[in-house]
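Notes for the structure review
Given next are the chains, with one letter for each unit.
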Amino acid sequence: MNEEEVLQNLILEFRRGTLSLSVLSVLQKEKYGYALLQELEEKSLQIDQSTLYPLLRRLESQGLLESDWKLEDAKQRKYYKLTEDGKRVYEKLKSHWLAMVQVVDNILKEG
């Protein structure tokens, strides 16, 4: 495996670890899938639909999200929102993330 392939694999691992936290953060307010995708992209987080929707289903199966179909502008849209468990898990993940960022930042400053 060459250097570029190794780098791309490491970047992919980074992204996988941050996508759940990012999605939970953006879902502080109820959103349908495409609106969620757009908001993430507006915040410079590029995510493919083929990644987002399976992630939403997984988070829902874990009890962190719930969904509901709603009719809007003559279109059925599936809206997602955090459950109470999802809100608690998000706050804990956020705390862990912020602590980890601080630790890694300190390590990088020394390097």
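Now for a look at the structure at hand.

1. Some words on the nonpolar core
Grouped together as the largest cluster of nonpolar side chains are 20 residues, with contacts concentrated most on Val 23, Leu 27, Leu 36, Leu 56 and Leu 65. Where this core is concerned, the elements lending two or more residues are α1 (3-26), α2 (33-42), α3 (49-61) and β3 (75-82). By residue number, the principal contributor to this core is α1, which donates five residues.

2. Overview of the layout of surface pockets
Size it by volume and the largest pocket reaches roughly 180 Å³. Lining the largest pocket, in full, are Leu 12, Arg 15, Arg 16, Leu 19, Ser 20, Thr 51, Pro 54, Leu 55 and Arg 58. If you list the elements that add at least two residues to the lining of the largest pocket, you get α1 and α3. A per-element tally of the lining of the largest pocket places α1 first, with five residues. Along the lines of polarity and charge, the residues of the lining of the largest pocket split into four nonpolar, two polar and three charged.

3. A short note on the pattern of salt bridges
Note on pairing: side chains with opposite charge can pair once their charged atoms come close. Enumeration over the complete set of coordinates arrives at eight salt bridges. A salt bridge links Lys 43 to Glu 39; the shortest N-O distance between them is 3.8 Å. Between Glu 66 and Lys 81 there is a salt bridge; the shortest N-O distance is 3.6 Å. Note that Glu 66 is positioned in strand β2 (residues 65-72) and Lys 81 in strand β3, a separation of 15 residues in sequence. One network of salt bridges, in which partners are shared, links Lys 31, Glu 39 and Lys 43.

4. Focus on a nonpolar patch on the surface
On the surface, Met 100, Val 103, Val 104, Ile 107 and Leu 108 cluster together to form a nonpolar patch covering roughly 480 Å² of accessible area. Its location among the elements puts Val 103 in helix α4 (residues 84-110). What makes Val 103 partly exposed here is its relative accessible area of 47%.

5. Description of the sheet that holds β2
One open sheet accounts for three strands, arranged β1-β3-β2; its pairing is antiparallel. Whereas interior strands pair on both sides, the edge strands pair on one side only; in this sheet they are β1 (31-32) and β2.

6. Examining the environment of Leu 37
Within the fold, Leu 37 resides in helix α2. Separated by 15 residues in sequence, Leu 37 and Leu 52 place their C-alpha atoms 7.5 Å apart.

7. Describing the pairing of β3
With two bridges joining them, β1 and β3 adopt antiparallel strand pairing. Within the sheet, the bridge partner assigned to Tyr 32 lies in β3 and is Tyr 79.

8. Details of the side chain of Arg 77
Tracing the sequence through the fold places Arg 77 in strand β3. Given the relative accessible area of 16%, Arg 77 is considered buried. Among the polar contacts listed, one links the side chain of Arg 77 to the side chain of Glu 72, at a separation of 2.5 Å. With residues near it in sequence (within four places) discarded, Arg 77 still touches Tyr 32, Asp 68, Trp 69, Lys 70 and Glu 72.

About the criteria used
- Residues numbered from 1 in each chain as written.
- Predicted model: local features only at pLDDT ≥ 70, side-chain atom pairs only at ≥ 80, totals over all residues.
- Heavy atoms only, no water.
- Core = buried A, V, L, I, M, F, W, Y, C linked by side-chain atoms within 4.5 Å.
- Buried < 20%, exposed > 50% of the residue type's maximum accessible area, 1.4 Å probe, protein only.
- Helix = DSSP H or I, 4+ residues; strand = E, 2+ residues; numbered from the N terminus.
- 1 Å grid on protein atoms, 1.4 Å probe; cavity = no way out; pocket = protein on both sides within 12 Å on 5 of 7 lines; lining within 4 Å.
- Points joined across faces, edges and corners; volume = space filled by probe spheres on them.
- Nonpolar A, V, L, I, M, F, W, Y, C, P; charged D, E, K, R; others polar.
- Salt bridge = Lys/Arg side-chain N within 4 Å of Asp/Glu carboxyl O.
- Patch = residues over 30% accessible without salt bridge, like charges linked within 9 Å, V, L, I, M, F, W, Y side chains within 5 Å.
- Areas by Shrake-Rupley, 256 points an atom, 1.4 Å probe, with all protein chains shown as cover.
- Pairing = 2+ DSSP bridges.
- Polar contact = N/O pair within 3.5 Å; in protein donor to acceptor, adjacent residues only side chain to side chain.
- Contact = heavy atoms within 4.5 Å.

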